[in-house]
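Fold and contact review
So the chains spell out like this:
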Amino acid sequence: DSTLSDVNAIQVTTNAANAMMKVCASATTGTDEEKKARLRTVLAIMADLERTKTTSKISSDDKVAKEGKVVSSLGGPPNCKSFRILLEACANLLPSGGVERSRALEMAFKKCCNAGLVDVDVLQLFEEKAPRDLYHTMVIAEGIEEEGTGTKMVPPEWTRHLSHRVLTIDGRRPPPLSIEGRYVMTPALYENRMRKLRKRVNQRLIRGGRLRIPKRKKRFRGGGGSDLTNKERISDASLSMNNRADDVSSTNSTTAKDASITTDA
């Protein structure tokens with residue numbers, strides 16, 4: 001099988017390469033030699049992705065680099081999903097409990113750490129598939145205790161290229177990831193969130209809605225062409241109804257007096 005590094009290879013995106021690797025990683029039937037052949041295919045695709053260059057300015061005559069590297073204006077280098085699939089392939093296509101399997105998992109996780117793409121799913125998958133002593137050596141022993149939380153975090157270099165970011169005092173940064181495989185709300189993140197809430201525009205949230213914010217009055221066009229507020233319009237309507245009631249009362253009184261005079265006569 002030809003790999004993507006072939007000069008005549010079809011250019012693919014990262015998602016397409018991930019799909020190709022996923023097919024190989026999920027095919028767990030066959031002999032051990034057939035499984036190893038699928039793993040070699042996954043490793044070859046991954047190696048080509050790692051050599052992939054990404055740029056938005058690529059001429060139509062320079063789609064393939066002189067060194068034989070694939071250049072794609074649509075795709076890019078491997079992402080978090082690429083490394084998750086690589087870990088799955090090493091775990092699924094090699095004999096369980098063997099030294100070869102452990103070495104392959106260690107190699108795949110090191111690649112992910114060096115690329116700065118260790119996320120929650122990668123870390124949890126590595127903890128699930130790797131032997132306990134390997135996980136302890138590569139993750140727990142490398143943990144850095146976060147001040148104020150008592151929780152050990154993975155080194156920030158492992159997550160430096162994650163697309164998922166949170167807003168901190170120093171700008172947007174990857175969220176702190178603990179060695180247990182979960183994102184942690186550190187005191188610094190909490191303080192930054194509260195600082196935003198303390199701003200004038202957000203004081204209404206802190207005071208339970210008691211901050212009075214003036215509302216813009218709605219104005220209605222009156223019959224005479226003047227602008228009337230809603231309250232003025234209601235007041236005029238009430239006055240008009242009172243006047244009508246007075247007229248009706250006066251008419252009824254006059255009618256009753258006339259009837260009385262007629263009866264006396």
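The sections below set out a description of the structure shown in this document.

Concerning the packing of helix α2 (residues 32-51) against helix α3 (residues 80-92)
Close contact between α2 and α3 brings their axes to 10 Å; oriented N to C, the two are set at 160 degrees. Comparing their axes, α3 and α2 come out roughly antiparallel. Relative to α3, the crossing made by α2 is left-handed. Contacts from L39, V42, L43, M46, L49 and E50 of α2 reach α3 at S82, F83, L86, A89 and C90. Residue classes in the contact of α2 with α3 are distributed as nine nonpolar, one polar and one charged.

Thoughts on the nonpolar core
Core analysis: the largest hydrophobic core is formed by 43 residues, its most contacted members being F109, V118, L123, F126 and V139. Those elements giving two or more residues to this core turn out to be α1 (14-26), α2, α3, α4 (99-115), α5 (120-129) and α6 (132-138). Leave out the neighbours within four places in its chain, and F109 touches L87, V118, V122, L123, F126, M138, V139 and W158.

Some thoughts on the packing of aromatic side chains
Inspection of every chain in the model, using the stated rule, returns three aromatic pairs. Ring centres 5.6 Å apart and planes at 90 degrees place the aromatic pair F109 and W158 in the edge-to-face group. Of this pair, F109 sits in helix α4 while W158 is found in the loop between β2 (152-153) and β3 (166-168), placing the two residues 49 residues apart along the sequence. In this pair, the class of F109 matches that of W158, namely buried.

Digging into the environment of Q124
The residue Q124 is located in helix α5 in this model. Among the residues examined, Q124 registers a relative accessible area of 38% and is labelled partly exposed. In this structure the C-alpha to C-alpha distance between Q124 and G181, which are 57 residues apart in sequence, comes to 5.6 Å.

The rules behind these values
- Residues numbered from 1 in each chain as written.
- Predicted model: local features only at pLDDT ≥ 70, side-chain atom pairs only at ≥ 80, totals over all residues.
- Heavy atoms only, no water.
- Axes fitted to C-alpha atoms, helices over the stretch in contact; angles between N-to-C directions.
- Helix = DSSP H or I, 4+ residues; strand = E, 2+ residues; numbered from the N terminus.
- Parallel < 35°, antiparallel > 145°, perpendicular 65-115°, else oblique.
- Left-handed = near helix turned anticlockwise from the far one by under 90°.
- Contact = heavy atoms within 4.5 Å.
- Nonpolar A, V, L, I, M, F, W, Y, C, P; charged D, E, K, R; others polar.
- Core = buried A, V, L, I, M, F, W, Y, C linked by side-chain atoms within 4.5 Å.
- Buried < 20%, exposed > 50% of the residue type's maximum accessible area, 1.4 Å probe, protein only.
- Phe/Tyr/Trp six-rings, centres within 6.5 Å; stacked < 30°, edge-to-face > 60°.

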